[in-house]
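Report on the structure
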Amino acid sequence: MSEIAERVKNIIVDKLGVEASEVTTEASFTNDLGADSLDTVELIMEFEKEFGISIPDDQAEKIATVGDAVSYIEANAK
Amino acid sequence: MELKRVVVTGLGALTPVGNTVAETWENLVNGVSGAGPITHFDASKFKTQFACEVKGFNGADFIDRKEVRKMDLYTQYAIVAAKEAIADSEMDLEKEDLNKIGVIYGVGIGGIHTFEEEVLGYAQTKDTIGPKFSPFFIPKMIADIASGQISIMYGFHGPNFTTTSACASSSNAIADAFNYIRLGKANVIVAGGAEAAIFPAGVGGFNAMHALSTRNDDPQHASRPFSASRDGFIMGEGAGCLILEELEHAKARGAKIYAELAGVGASADAHHLTASHPEGLGAKLVMLNALEDAEMKPEDIDYINVHGTSTPVGDVSEAKAIKDVFGEHAYKLNISSTKSMTGHLLGAAGAVEAIASVLAVKNDIVPPTINHAEGDNDENIDYELNFTFNKAQKRTVNAALSNTFGFGGHNACVIVKKYAE
């Protein structure tokens, strides 16, 4: 697992209160990890702060799974 | 229409002197101070470096780990006190009409710590990745959310809101709950108050007003209401909760009854932002309002749990108001400020002090006003009044009156009495 993936996973475990083993690449925030709409917005904000990036709303809407988040951040983090 | 009677059938408390009602009451009766150095943050550069904090509290011991994160500390306190009170009432929620159970919680400030954290976060991000706020910022911070969260936890669909009148907030919550029940709008109301403001903005804000004691070398003896050397209030935090129930509803389910809620009053000083009226005008009015509401005479009151915050102006005007309202009887009743032990719980003060008043009525014991040194007398205070200094007193307490006054000049008063058929 990449260093970025590890950091993303830690944020998800902390914010959603889930077990690390549940945070698989395919896991959907809403369907698998119990996030509601506010939780999802919070996750995006935490990713922005952690990686020093700004994720526009139209991009944020497309981030539905752990893998989506990791890919986006790998492509956009400085 | 005939108004219904309202009784107290459950209690919950999380205070600087105890994490349950039983522990809080025992320490109040024994004159134990809840003050100590501030641990919530590094207060070493603040004028006031001590407070009355809740001890050994971990919200996750009581609330789901996922949910607790979405709650400001004040809401966590509110929920813990509500849980204790609901359990204490022994209501079988399976059998209750949940549409007739409400929640009214008074809060003076709300999630001030959440507000601070979010604004600090904004300051860090505004010039780099742009302004960032948590989507939970608003729902964590707002003062009504404790009432909302309690209703969500239990599925209570009755009247639900917060009351806010600074340090009178939760007395107003009790008053509103009383009115809803006696008008037949609810069978039961979970009424209380909560506050958690011992954070930089809270301490710094009150310090700027010169409202807090700065006796940093002796926190446990700093809250000394009615003593000449008092130098301001001591911040407290926590929550108190009372289950208020319509009498026939309580009897039908065989509930234990602590006391009857006899009457409530509300008034305004209409005088100054923060200073109480020098002659205690609003204080006088609110006690008279409550007595009238309770259809009681001044002579019926045995104990007054005063607002008595240990500030130079407030204590004098309240003592004057008591003499004006009670006349000769003022010298026969007991007066005490439990804030000498708990500190000032702001929005939670009214609920916690109503609980102390209920237990004084139930147990026939008046908790003391601690920290009065022999001879430390203020020439503007009449020491023929019985302030119950330093030691609890056993006496028959048929009825007790609890005063709370808030910045803005809000006054609220609650009278409880022994329940009799």
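Residues numbered from 1 in each chain as written. Chains lettered and ligands numbered in written order. Predicted model: local features only at pLDDT ≥ 70, side-chain atom pairs only at ≥ 80, totals over all residues. Heavy atoms only, no water.

1. What to know about the pattern of salt bridges
Residues and elements named next belong to chain B. Stated precisely, the cut-off is as follows: Whenever a carboxyl oxygen of Asp or Glu lies within 4 Å of a side-chain nitrogen of Lys or Arg, that contact is scored as a salt bridge. For each residue, the accessible area found with a 1.4 Å probe, counting protein chains only, is set against the maximum for its type, and the residue is called buried under 20%, exposed over 50%, and partly exposed in between. Helix and strand definitions follow DSSP, with helices as H or I runs of at least four residues and strands as E runs of at least two, each counted in order from the N terminus.
The final tally for this structure, using the stated rule, is 25 salt bridges over all chains. Close ionic contact of D92 with K95 constitutes a salt bridge, the shortest N to O distance being 3.6 Å. The class for D92 is partly exposed, based on a relative accessible area of 33%. Overall, K95 belongs to the exposed group, its relative accessible area being 70%. Across the pair R224 and D376 runs a salt bridge whose closest N-O atoms are separated by 4.0 Å. Of the two residues, R224 sits in the loop between α8 (200-208) and β7 (238-246) while D376 sits in the loop between β11 (365-366) and β12 (393-394), which places them 152 residues apart along the sequence.

2. Let's talk about helix α7 (residues 169-182) of chain B
Residues and elements named next belong to chain B. Definition in use: Expected helix span is computed as 1.5 Å times (number of residues minus one).
With 14 residues, α7 extends 20 Å from end C-alpha to end C-alpha; this agrees with the ideal 20 Å at 1.5 Å per step. Inspection of α7 places S169, S170, S171, N172, A173, I174, A175, A177, F178, I181 and R182 among the buried residues, and these make up the whole buried set. Positive backbone phi, at 80°, marks G184, one or two positions downstream of α7.

3. Concerning the packing of helix α1 (residues 3-16) of chain A against helix α4 (residues 66-76) of chain A
Residue and element names in this part refer to chain A. Heads up, the condition is: Interaxial angles span 0 to 180 degrees and are taken between N-to-C directions of axes, which are lines fitted to C-alpha atoms, for helices over the stretch in contact. By the definition adopted for this analysis, an angle is roughly parallel if under 35 degrees, roughly antiparallel if over 145, roughly perpendicular if from 65 to 115, and oblique otherwise. Left-handed describes a crossing in which the near helix is turned anticlockwise from the far one by less than a right angle; the clockwise case is right-handed. Contacts: residue pairs with any heavy atoms within 4.5 Å of one another. Polar here means any residue outside two lists: the nonpolar Ala, Val, Leu, Ile, Met, Phe, Trp, Tyr, Cys and Pro, and the charged Asp, Glu, Lys and Arg; Gly therefore counts as polar.
At a minimum axis separation of 10 Å, α1 and α4 run at an interaxial angle of 130°. Taken together, the axis directions place α1 and α4 in an arrangement best described as oblique. Read as a crossing pair, α1 and α4 show a hand that is right-handed. Contact with α1, carried on its side by I4, A5, V8 and I12, involves V66, A69, V70, I73 and E74 of α4 and no other residues of that element. Along the lines of polarity and charge, the residues of the contact of α1 with α4 split into eight nonpolar, no polar and one charged.

4. Looking at the UniProt feature "modified residue: O-(pantetheine 4'-phosphoryl)serine" (unreviewed entry) in chain A
Defined as follows: UniProt positions are given in the numbering used here, feature names are shortened, and annotations may be inferred rather than shown by experiment.
UniProt records the feature "modified residue: O-(pantetheine 4'-phosphoryl)serine" (unreviewed entry) at A:S37, using the numbering of this structure. Assignment of secondary structure puts A:S37 in helix α2 (residues 37-51).

5. Re the environment of B:H113
Residue and element names in this part refer to chain B. Structurally, H113 is set in helix α4 (residues 112-125). Sequence separation of H113 and A43 is 70 residues, and the distance between their C-alpha atoms is 14 Å. With sequence-adjacent residues up to four places away left out, H113 is seen in contact with D72 and F199.

6. Here we look at the interface of chain A and chain B
As a reminder of what qualifies: A quick way to say it: buried area is the sum, across both parts, of accessible area lost when two parts are put together, with a 1.4 Å probe. Polar contact criterion, stated in full: a pair of N or O atoms within 3.5 Å, where within protein one must be able to donate a hydrogen and the other to accept it, and residues adjacent in sequence count only if both atoms are side-chain atoms.
Listed as interface residues are 18 residues of chain A and, on the opposing side, eleven residues of chain B. Of all residues in chain A, A:L38, A:E42 and A:M45 bury the most surface against chain B, accounting for 34% of the area lost on that side. The closest approach of N and O atoms between B:K70 and A:D39, which form a salt bridge, is 3.1 Å. On the surface where chain A and chain B come into contact, there are six residue pairs in polar contact (both at pLDDT 80 or more). Among the elements of the structure, α1 and α2 of chain A are those that each provide at least two residues to the side of chain A that touches chain B. When residues in the side of chain A that touches chain B are grouped by element, the largest group, seven residues, is from α2(A). By residue class, the composition of the side of chain A that touches chain B is seven nonpolar, four polar and seven charged.

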